Amino acid sequence: MKRVYEIDANGIYYRDLNKKIRDLVAQGVKKFILRNVNGQRYILDGIRENIEMDIYGVPGQDLGAFMDGPTIRVFGDGQDAIANTMGNGKIVIHGIAGDVCGYGMRGGKLFIKEDAGYRIGIHMKEYKDRVPVIIVGGKVGDFFGEYMAGGVLIVLGMFTKKPSAPICGDYLGTGIHGGKIYVRGEVDSYNCGKECGIKKVDPKKDNVLIKILREFCEEFKVSYEEVIKEDFTMVWPKTKRPYGNLYAY
Amino acid sequence: MLFKPVSQAFYEFYVKRDKDRCIQCRVCERQCSYEVHSYDPSENIMNADHHKCVGCRRCEYMCPTDSLKITLNESTFRPNELWTNFHRMALIKQRETGGILLTGMGNDKPYKIFWDHLLIDACQVTNPSIDPLREPMELRTYLGSKPDKLEFEELEGKLKLKTKITPQLKIEYPIMFGAMSYGAINLNVHRGMAMAAKELGILYNTGEGGLHKSLYEYGPWTIVQCASGRFGVHAEYLNAGAAIEIKIGQGAKPGIGGHLPGEKVTRAISETRMIPEGSDALSPAPHHDIYSIEDLRQLIYALKEATDYTKPVSVKIAAVHNSAAIATGIARAGADIIVLDGFRGGTGASPTIIRDHVGIPAELALAAVDQRLRDEGIRNSVSIVVSGGIRGSADVLKAIALGADAVYIGTATLQAVGCTLCQRCYTGKCPWGIATNDPYLAKRINPEIAAEQLVNLVKSWGHEIQEILGALGINALESLRGNRLRLRAIGLTDKEMEILGVLPAGQ
């Protein structure tokens, strides 16, 4: 069995495509190249092998959901629910992405070069060395990092097709009780949830930012110096127990 | 000036202690996690802080000399049909705290219980009844989507099934242990349920708190849940169970999320839920990736893809006004099993106002859903599991006659291992060692004994179901499914009988 396997996905039903991939993974294929992908859903869902996959075209919803290990590079746009409840691995999108990406993510990395939709990175959580990371190079919609319980979310607002839009929508970090959100530039407190603390950070002095921003820049061949030119705003949880006083015991 | 809150003056329970019998052994003091009992060495007597008593009767059970009796407080307000004691005490608590009132277990209000208005038929003369002690009586149940038709082909002279059957769950009783999370209850109870499920050949449900590593070996008897908080949900977990359940709603708290307070997130729970110790575990009210039937389909198929189509996917909803329309959407979205949880269903914590006023009885939702799926010709495509207030084998049987394939039992499960329905699960101080993760309390549950009690419960219900089936002249539970002609109603309105699809007794 060859180690690199190329599939022309043109016209293949998602279920057949995914079955074929699962079978090939079981046979030991370590690298896939998928061409002409056109909306096929659930690619690499639940796969637990450390394989690599390059996707040309636009993969469908739930790319890499529940996956635990693979590295996916999409040379095109992504759709909704990328990295849904992802355990580990890396997904790189060389374009835009849809809504609700990285829902409940608990490890690994999701790099989106350009804009992403609403409710990105909601309910992310971390446990010990498992710290999920999402970086969006463009802008994001409302509810970025809602219910955030752990991990790191970064939005740069640099590589965007929406020049007049704000970098983040409303309700940024609403319900946050763990993790950190970094926004390049300024964020108004009225955009944030009431559970958020806000402070300015110099990216050159923040070890978390330096490491993952370098990786992001290398992945997309963009200038790291340009990215860290501006200060970031860090949004953090004021308490691990935002609703502790809501109830009568 | 002496000051005490009103809630310490007016309270629900009164601890009666027979001073002649009491030997000051202080067992009650050690057993009560609410610190009701205390020892006064100067007088060598035991005292009680009555207002702290939750009425669980653990002390009464443990008292070696039978000197304790927990009674309702005789002292009362002037009786008032409008302002009941419940309303008055709730108001006092809220004026003191400003908080949402919490409760545990299921709705305890005096709404009509439809199970108690349904009677079961029996055979006389023309169609003989069957003696279940001497004739085979089939309770085995298969849950999952059944094909519209079966096709066969001949291979080498033998007839072979050509139709591909989607994955099915085989259970030996139409009863499963309902979803209660590790966190809401402790590992000893989970292990007890897992061991009992294995011995009985049925399934237990993990609830939404993940699956402890030591219970993976019980995977074939486990339904793993995927709820909006996605706690402990990962590829290995999804593949560990026999089926996956998407929890949309819960009968005790339809439309709202869950909230395991940070102080309950111990090291072992943090490991299983994969969140930091001491952090709140919040389950959002909706799954934010599901805003439509199409979105639900997306999650169902994401789960099926992640498990290579080897496991049935179940969708659990709370019984609400338009359950029938929702259920047909769920069936068409590709679910293999629909779970309908009625408003009597239990919970570890719910706002009292939601538990007592939101949702509808499981009986009505079940009848409506079964009928709707039949009318649309898709009843075979999905199994129905009903839960929320199943108290005994008669309820199970009536549920099956109304159209259920099986039932989940939660409150009954907990009572089988010791719960006395004090409704204080949300405090984490359960004196029976069930709804608590305090190691001192949790060790009051021995998994082996819990398993034995659960096995006894389900076996006894199984025998009773067989007895009734025998009386009905039926030798397989399958023949009773949706067989509403074998039920009659008593004390119901015409409209209620129409919804339940049953005739009045005497007709």
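In this text the structure is predicted, and so the values were computed from the model without any measurement. (Residues numbered from 1 in each chain as written. Chains lettered and ligands numbered in written order. Predicted model: local features only at pLDDT ≥ 70, side-chain atom pairs only at ≥ 80, totals over all residues. Heavy atoms only, no water.)

Caption draft 1: The arrangement of the overall build of chain A in detail. On a plain count of helices and strands, chain A comes out with three helices and twelve strands. At 18 Å, chain A has a C-alpha radius of gyration in line with the 18 Å of a compact globule built from 249 residues. Overall size of chain A, expressed as C-alpha extent along the three principal axes, is 55 × 50 × 30 Å. Counting all 249 residues of chain A, 61% fall into the buried class. In chain A, once contacts between residues fewer than 6 apart in sequence are set aside, the share between residues at least 24 apart is 44%. Working note: accessible area of chain A is about 9800 Å², and carbon and sulfur atoms make up 47% of it. Here chain A contributes 37 positively and 32 negatively charged side chains, and the mean placements of these two sets differ by 4 Å. (Helix = DSSP H or I, 4+ residues; strand = E, 2+ residues; numbered from the N terminus. Rg over C-alpha atoms; globule rule 2.2 N^0.38 Å. Buried < 20%, exposed > 50% of the residue type's maximum accessible area, 1.4 Å probe, protein only. Contact = heavy atoms within 4.5 Å. Areas by Shrake-Rupley, 256 points an atom, 1.4 Å probe, with all protein chains shown as cover. Lys, Arg positive; Asp, Glu negative; His and termini not counted. Charge placed at Lys NZ, Arg CZ, Asp CG, Glu CD.)

Caption draft 2: Structural view of the side chain of Ser314 of chain B. All names here are of chain B. Mapped onto the elements, Ser314 comes out in strand S17 (residues 313-318). Here Ser314 falls in the buried class, since its relative accessible area comes to 3%. Setting aside residues up to four positions removed in sequence, Ser314 forms contacts with Ile244, Glu245, Ile246, Ile337 and Val339.

Caption draft 3: Up close: the pairing of strand S18 (residues 337-341) of chain B. Residue and element names in this part refer to chain B. Judged by how many residues are buried, S18 sits mostly within the fold: five of five residues are covered. Taking every second residue as pointing to the same face, both faces of S18 are buried, with Ile337, Val339 and Asp341 on one and Ile338 and Leu340 on the other. In this structure, S17 lies alongside S18, joined through five bridges in parallel fashion. Pairing of Lys316 across the sheet is with Val339, part of S18. (Pairing = 2+ DSSP bridges.)

Caption draft 4: Quick peek at the interface of chain B and chain A. Each partner contributes residues to the interface: chain B has 50 residues there, and chain A has 40 residues. Buried surface at the junction of chain B and chain A, summed over both partners, amounts to about 4000 Å²; 56% is from carbon and sulfur atoms. If you sort the residues of chain B by the area they bury against chain A, His288, Gln298 and Glu305 of chain B come out on top, with a joint share of 17%. Taken together, chain B and chain A are joined by two salt bridges. A salt bridge links Arg22 of chain A to Asp308 of chain B, with the nearest nitrogen and oxygen atoms 2.8 Å apart. Applying the counting criterion to the chain B and chain A interface returns 21 residue pairs in polar contact (both at pLDDT 80 or more). Elements with a contribution of two residues or more to the side of chain B that touches chain A: helix H4 (85-97), strand S5 (100-103), helix H6 (235-240), helix H7 (267-273) and helix H8 (293-306) of chain B. Residue classes in the side of chain B that touches chain A are distributed as 23 nonpolar, 15 polar and twelve charged. Both strand S12 (residues 247-248) of chain A and S5 of chain B contribute to a ladder of two bridges, which runs parallel. Bridge assignment links Tyr247 of chain A to a residue of S5 of chain B, and that residue is Ile100 of chain B. (Buried area = accessible area lost by both parts, 1.4 Å probe. Salt bridge = Lys/Arg side-chain N within 4 Å of Asp/Glu carboxyl O. Polar contact = N/O pair within 3.5 Å; in protein donor to acceptor, adjacent residues only side chain to side chain. Nonpolar A, V, L, I, M, F, W, Y, C, P; charged D, E, K, R; others polar.)

Caption draft 5: Fine view of the sheet that holds strand S10 (residues 196-201) of chain A. Residue and element names in this part refer to chain A. Spatial strand order, S1-S2-S3-S4-S5-S6-S7-S8-S9-S11-S10: eleven strands in an open sheet with mixed pairing. Looking at strand neighbours, the two that pair on one side only are strand S1 (4-8) and S10, the edges of this open sheet. Recorded for the sheet is a direction-independent mean angle of 15 degrees between the axes of neighbouring strands. Where strand S2 (residues 31-38) meets strand S3 (residues 52-58), six bridges bridge the pair, whose relative direction is parallel. Looking at the pairing, Lys31 lines up with Glu52 of S3. Of the strands in this sheet, S1, S2 and S3 are in contact with helix H1 (residues 14-26), which crosses S1 at around 170 degrees. Where helix H2 (residues 207-220) meets the sheet, its contacts fall on strand S4 (68-75), strand S5 (88-93), strand S6 (109-112), strand S7 (133-136), strand S8 (149-155), strand S9 (178-184), S10 and strand S11 (232-237), and the angle it forms with S6 comes to roughly 55 degrees. (Axes fitted to C-alpha atoms, helices over the stretch in contact; angles between N-to-C directions.)

Caption draft 6: Looking closely at the sheet that holds strand S22 (residues 487-489) of chain B. All names here are of chain B. If you trace the three strands from one edge of the open sheet to the other, you get S6-S22-S23, paired in mixed fashion. Two strands close off the open sheet at either side, each with one partner strand: strand S6 (118-120) and strand S23 (503-504). Here S22 pairs with S23 via two bridges, running parallel. Considered in S23, the bridge of Arg488 is made with Leu503. Helix H12 (residues 393-402) contacts S6 and S22 of the sheet and is inclined by roughly 95 degrees relative to S6.

Caption draft 7: Main features of H12 of chain B. Residue and element names in this part refer to chain B. Across the ten residues of H12, nine count as buried, placing the element largely inside the fold. For H12, the full list of buried residues reads Ser393, Asp395, Val396, Leu397, Lys398, Ala399, Ile400, Ala401 and Leu402. At the C-terminal side of H12, Gly403 shows a positive phi close to 130 degrees.

Caption draft 8: Representation of the state of the cysteines. With the rule as written, the count across this model stands at zero disulfides over all chains. Here Cys196 of chain A stays free of any disulfide, with the sulfur of Cys192 of chain A as its closest cysteine sulfur at 4.8 Å. Free cysteine Cys422 of chain B: the closest other cysteine sulfur is in Cys56 of chain B, separated by 5.5 Å. Given the relative accessible area of 16%, Cys422 of chain B is considered buried. (Disulfide = S-S within 2.5 Å.)

Caption draft 9: Local environment of the pattern of salt bridges. Residues and elements named next belong to chain A. Tallying each qualifying case throughout the model produces 51 salt bridges over all chains. The salt bridge involving Arg35 is made with Glu6; its shortest N-O contact spans 2.6 Å. With Arg35 in strand S2 and Glu6 in strand S1, the pair connects residues that are 29 residues apart, well separated along the chain. What makes Glu6 partly exposed here is its relative accessible area of 45%. Residue Lys31 pairs with Asp54 through a salt bridge whose shortest N-O separation is 3.2 Å. Note that Lys31 is positioned in strand S2 and Asp54 in strand S3, a separation of 23 residues in sequence. Looking at Asp54, the relative accessible area reads 9%, which means it is buried. Taken together, the salt bridges that share partners define one network made up of Lys31, Glu52, Asp54, Arg73, Lys90, Lys109, Glu215 and Glu219.

Caption draft 10: Geometry of the packing of helix H9 (residues 323-332) of chain B against helix H11 (residues 362-375) of chain B. Residue and element names in this part refer to chain B. Where H9 contacts H11, the axes come no closer than 8 Å and their chain directions differ by 50 degrees. Relative to H11, the element H9 is oriented oblique. Handedness of the crossing formed by H9 with H11: right-handed. For the pair formed by H9 and H11, the contact residues are Ser323, Ala324, Ala325, Ala327, Thr328 and Ala331 on the first element and Ala365, Ala368, Val369, Arg372 and Leu373 on the second. Among the residues forming the contact of H9 with H11, the class breakdown is eight nonpolar, two polar and one charged. (Parallel < 35°, antiparallel > 145°, perpendicular 65-115°, else oblique. Left-handed = near helix turned anticlockwise from the far one by under 90°.)

Caption draft 11: The arrangement of the nonpolar core in detail. In terms of nonpolar packing, the biggest core is built from 142 residues, with Phe177 and Ile434 of chain B touching the most fellow members. If you look at the next biggest cluster of nonpolar residues, it comprises 51 residues, including Tyr5, Ile7, Val25 and Ile43 of chain A. (Core = buried A, V, L, I, M, F, W, Y, C linked by side-chain atoms within 4.5 Å.)

Caption draft 12: Local environment of a nonpolar patch on the surface. Among the surface-exposed residues, Leu150, Phe152, Leu159, Leu161 and Ile165 of chain B lie close enough to one another that they form a single nonpolar patch of about 500 Å² accessible area. Relative to the helices and strands, Leu150 of chain B is located in the loop between strand S7 (141-143) and strand S8 (152-155). (Patch = residues over 30% accessible without salt bridge, like charges linked within 9 Å, V, L, I, M, F, W, Y side chains within 5 Å.)

Caption draft 13: The pairing of S8 of chain B, seen in detail. Residue and element names in this part refer to chain B. Relative to strand S9 (residues 158-161), S8 is paired through four bridges, and the arrangement is antiparallel. Within the sheet, the bridge partner assigned to Glu154 lies in S9 and is Leu159. The turn linking S8 back onto S9 is made up of two residues, and Glu156 within it adopts a positive phi angle of 50 degrees.

Caption draft 14: Up close: the environment of Gly278 of chain B. Mapped onto the elements of the fold, Gly278 of chain B is located in the loop between H7 and strand S16 (281-283). Excluding anything up to four places from it in sequence, Gly278 of chain B contacts Lys240 and Arg241 of chain A together with Gly262 and Val265 of chain B.

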